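Summary of structural features
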Amino acid sequence: MITPADEQQGSIEGPTEHRTDPSFPFGYLDADVVLRSADSVDFHVYSFHLMKASLVFKEMLNSPSARGDTAPHGTREGYSNSHVTVISLREDQVVLSDLLTLIFPVPVFIPETYEEIVSVLVAAHKYKLEAAISILRLILVEHARALIAPEDVFRAFCLARQSGLVHESLHALRSTTKTWRTIEALGDRLLFATGTSLDELWRHQQQVENNLESAIASFRALGIAQTPWKNCTDRSWLDSFFTTIHTERPFLNPARFHRALRIHITSSTCESCSGLSIQDMQSFWEQLEGVVEAGIRAAEGSFLSGLEHGTSQESSQASAIDLPNDFGPPFDRSDASVVLRSSDGCSFRVHKSTLAMASPFFADMFSLPPPPQNSPQDGDDFLGGLPVVCVEETKTILNILLTMVYPVPVAQPASYAEVLSVLSAAQKYMMETTMVVIRSMVDAGHLPRMPSGDQAYLSYALASRYRLVEETKAAARLTIGLPLSFGSLSDILHAFDGASLHALFQYHTLSCDAVLSCLLAAADCTSPSAIVFASPPAGFNGYWKGCWDVHSELSKDDKVVANWWVDFFKQTAERTRANRGCPPIQYQKLQQGFFAAREEHKRTQDCKSLQCSGEFSRVYGEMFCKGLFFSELKAATQKVELELPW
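Heads up: these notes are all about the structure in this document.

Thresholds applied
- Residues numbered from 1 in each chain as written.
- Predicted model: local features only at pLDDT ≥ 70, side-chain atom pairs only at ≥ 80, totals over all residues.
- Heavy atoms only, no water.
- Axes fitted to C-alpha atoms, helices over the stretch in contact; angles between N-to-C directions.
- Helix = DSSP H or I, 4+ residues; strand = E, 2+ residues; numbered from the N terminus.
- Parallel < 35°, antiparallel > 145°, perpendicular 65-115°, else oblique.
- Left-handed = near helix turned anticlockwise from the far one by under 90°.
- Contact = heavy atoms within 4.5 Å.
- Nonpolar A, V, L, I, M, F, W, Y, C, P; charged D, E, K, R; others polar.
- Phe/Tyr/Trp six-rings, centres within 6.5 Å; stacked < 30°, edge-to-face > 60°.
- Buried < 20%, exposed > 50% of the residue type's maximum accessible area, 1.4 Å probe, protein only.
- Salt bridge = Lys/Arg side-chain N within 4 Å of Asp/Glu carboxyl O.
- Pairing = 2+ DSSP bridges.
- Core = buried A, V, L, I, M, F, W, Y, C linked by side-chain atoms within 4.5 Å.

Digging into the packing of helix H22 (residues 455-466) against helix H23 (residues 469-479)
Close contact between H22 and H23 brings their axes to 8 Å; oriented N to C, the two are set at 155°. The angle between the axes of H22 and H23 places the two elements in the roughly antiparallel class. In this structure, H22 meets H23 at a crossing whose hand is left-handed. Residues Ala456, Tyr457, Ser459, Tyr460, Ala463 and Ser464 of H22 pack against Glu471, Thr472, Ala475, Ala476, Leu478 and Thr479 of H23. The residue makeup of the contact of H22 with H23, split by class, is seven nonpolar, four polar and one charged.

Written out as structure tokens, the structure reads:
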């Protein structure tokens, strides 16, 4: 009754009891087709218009199910046709109403939001309404400024990409490159992004900048002789302007150019530049615009090629069907009672009782009656007379998981990423004991441990995707002290989703605030470790003698603070404030900076005090850096909690 195409686009069906009719203009009394929205609103329309506008509707209406399956109008009065074809669609009333205004001779809808026009565009693409697509794109171009505020351009790009709208993605992309630079600048807009969108946008931006840098370099080397500036004796101002084109937004800023030219003429009294006509400068600007436009267009071409390549790869992967095969020992026993089939088509012959003991998920599943075996032949539901359960895990992950359940040697994951995949599967199937075993084996070193350094970012992205709370928080802690930017994440940006990246950035920001508080407290000598360092230890009454560069306001009673101390921590705090994605809590760097500041003080002040020179100062300084202050920094950051992104 319903073909595969029907299932994708809509279905031909009989009447339902709960439905309402739309208002004018889609209540034609002599209609021969009813389009039923997902929220059960009927649109009475003519098949002629649908078939003329859409090949998809034409195939649906010419199908045997449409010709032989009609539904009565029931007792509703006023309709001239007693029976009509009813087609149920997946679009809601609003989208379907807007879409039909592009097919029938009625006033075309005017979208109020970008989301609305994207929803209608997706439906138009699904039903292959070429004329409607052209009209929608024209509306999008004419009303772009009204529909997309500058701060919403990034969201518009993400929405278009997630909807598979290539043309609209490119339209948003041209504006996005002018507004998007850093994680901090995106802020809450990250919540709308996928890792794929972030990765594509970052790579496109890098491609644009590289193209412009190369094109401008060629223009400077070969084209400058053809410009009005060929007689300028000092073109350094022009070189400086050229270097800003690929690094600042917008790429070509007339105000920035004229300001540089005015400064050049004023400072150098260049007669060649001051005597240029408006026509000469206009000609130069048009040449430069052509160079920049060519660079941007080339990057857009690469972007489209990448999308097409990705789409073709997805299609080939979807068409490539893995033939079912048996995994082999130890999961090939003849007394097995069920077959688990991995996502890559590998069959594991296992026992219901074993799985049910380890997993409440499988226990509930196996308590249900199995599907009837209508044929002795094997198929998707049976293999060798055993019921088949298809799972989402690959054969590698499924094998590792099953060896955790069965009394057999545990299969070793090749990486910590595989450990996370196994944990995710165990969590999905509610194997709590298995999760405890896996985590214990990781802690004991029997399975790969969570990597530190830059790899901690990948661990965080994967753990967050799998919603593994312990691993997500642990990985986030390991990233503290590492730079967090699109550049530092460029190779793994696709693994993130916007929400997890946003949560991690917020976590880094709060951690930086905690570090900043410690640094400022140390600068004021109010932190516990700073008070210990500034107070002379017992038996060292001459500890401060010889230091003449003492901070007058902070030094009082028995506490004496040198200016180099205050300056070091205030400068470190300023760097922390400027680089909020990377708090300076690495012990080695902190200690090196601390002693470098002390040595500079000794050199410039010829300081002989115990506090600032000598072996005692070195030992006491190391004790302060490592045992006291560094511990305070770690304790402060550990108090910060990651707000889980799900």
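Some thoughts on the packing of aromatic side chains
Evaluation of the coordinates by the stated rule reveals 26 aromatic pairs. Each ring, one from Phe57 and one from Tyr127, has its centre 4.8 Å from the other, and the planes form 15°; the classification is stacked. Remark: Tyr127 occurs in the loop between helix H6 (114-126) and helix H7 (130-142) and Phe57 occurs in helix H3 (residues 55-62); sequence separation between them is 70 residues. Of the two residues, Phe57 and Tyr127, neither departs from the other in class, the shared state being buried. With a centroid separation of 6.3 Å and 45° between ring planes, the pair formed by Phe241 and Phe242 is classed as tilted.

Side note on the pattern of salt bridges
Counted by the stated rule, this structure contains 17 salt bridges. With its nearest N and O atoms 2.7 Å apart, the salt bridge here joins Asp42 to Arg36. In this pair, the class of Asp42 matches that of Arg36, namely buried. Residue Glu471 pairs with Arg439 through a salt bridge whose shortest N-O separation is 2.8 Å. One end of the pair, Glu471, is in helix H23; the other, Arg439, is in helix H21 (residues 432-443), with 32 residues separating them in the sequence. For the pair Glu471 and Arg439, a shared accessibility class is recorded, and that class is buried. Salt bridges here are not isolated pairs; linked through shared partners, they connect Glu293, Arg297 and Glu300.

Let's talk about the pairing of strand E3 (residues 42-45)
On E3, burial covers both faces: Asp42 and His44 on one face and Phe43 and Val45 on the other are all buried. In this structure, strand E2 (residues 33-36) lies alongside E3, joined through four bridges in antiparallel fashion. Considered in E3, the bridge of Val33 is made with Val45.

Looking at unusual backbone geometry
The omega torsion of the bond from Pro329 to Pro330 falls at 5°, within 30 degrees of zero and hence cis. Assignment of secondary structure puts Pro330 in the loop between strand E6 (325-326) and strand E7 (338-341). Although it is not a glycine, Lys128 sits at a positive phi angle of roughly 55°. Phi is positive for Met430, close to 60°, though the residue is something other than glycine. Counting through the fold element by element, Met430 comes out in the loop between helix H20 (416-428) and H21. Using a relative accessible area of 39% as the deciding quantity, one classes Met430 as partly exposed.

Considering the side chain of Glu209
In this structure, Glu209 sits in helix H12 (residues 195-223). If sequence neighbours within four positions are ignored, Glu209 has contacts with Arg181, His246 and Arg249.

A few points about the packing of helix H13 (residues 236-245) against helix H14 (residues 254-268)
At their nearest, the axes of H13 and H14 sit 10 Å apart, and the two run at 160° to each other. As judged from the angle between their axes, H13 and H14 are roughly antiparallel. Of the two possible hands of crossing, H13 and H14 adopt the one that is right-handed. Counted together, Trp237, Leu238, Phe241, Thr244 and Ile245 of H13 and Arg256, Phe257, Ala260, Leu261 and His264 of H14 form the full contact between these two elements. Taken together, the residues of the contact of H13 with H14 break down into seven nonpolar, two polar and one charged.

Overview of the nonpolar core
Soluble, globular proteins show a tendency: their nonpolar side chains are buried together. Counting 142 residues, the largest nonpolar core has Leu35, Leu50, Leu100, Leu501 and Phe569 as its most contacted members. No other element matches the 12 residues that helix H24 (residues 498-523) contributes to this core. When sequence neighbours within four positions are dropped, the list of residues in contact with Phe569 reads Leu519, Ala522, Ala523, Phe594, Phe624 and Phe629. The next biggest cluster of nonpolar side chains, apart from the first, holds 26 residues, and it includes Phe241, Phe242, Ala260 and Phe284.

Notes on the pairing of E7
What you see with E7 is no split at all: Val338 and Leu340 on one side and Val339 and Arg341 on the other are buried throughout. Sheet analysis places E7 next to strand E8 (residues 346-350), joined by four bridges and oriented antiparallel. The partner of Val338 across the bridge, within E8, is Val350. Hairpin connection of E7 to E8: four residues between the antiparallel strands, including Gly345 at a positive phi of 80°. Both E7 and strand E10 (residues 386-390) contribute to a ladder of three bridges, which runs parallel. Residue Val339 lies in a different strand from E10, and its bridge partner there is Val388.

Overview of the sheet that holds E7
Pairing is mixed in the open sheet, where five strands are placed in the order E6-E8-E7-E10-E9. The open sheet has two edge strands, E6 and strand E9 (382-383), and neither has a second partner. Where E6 lies against E8, two bridges are found, and the strand directions are parallel. Within E8, the residue paired with Asn325 across the bridge is Cys346. Set on the sheet, helix H19 (residues 395-405) makes contact with E7 and E8; between it and E8 the angle comes to about 15°.

By themselves, these figures tell us nothing about what the structure is for.
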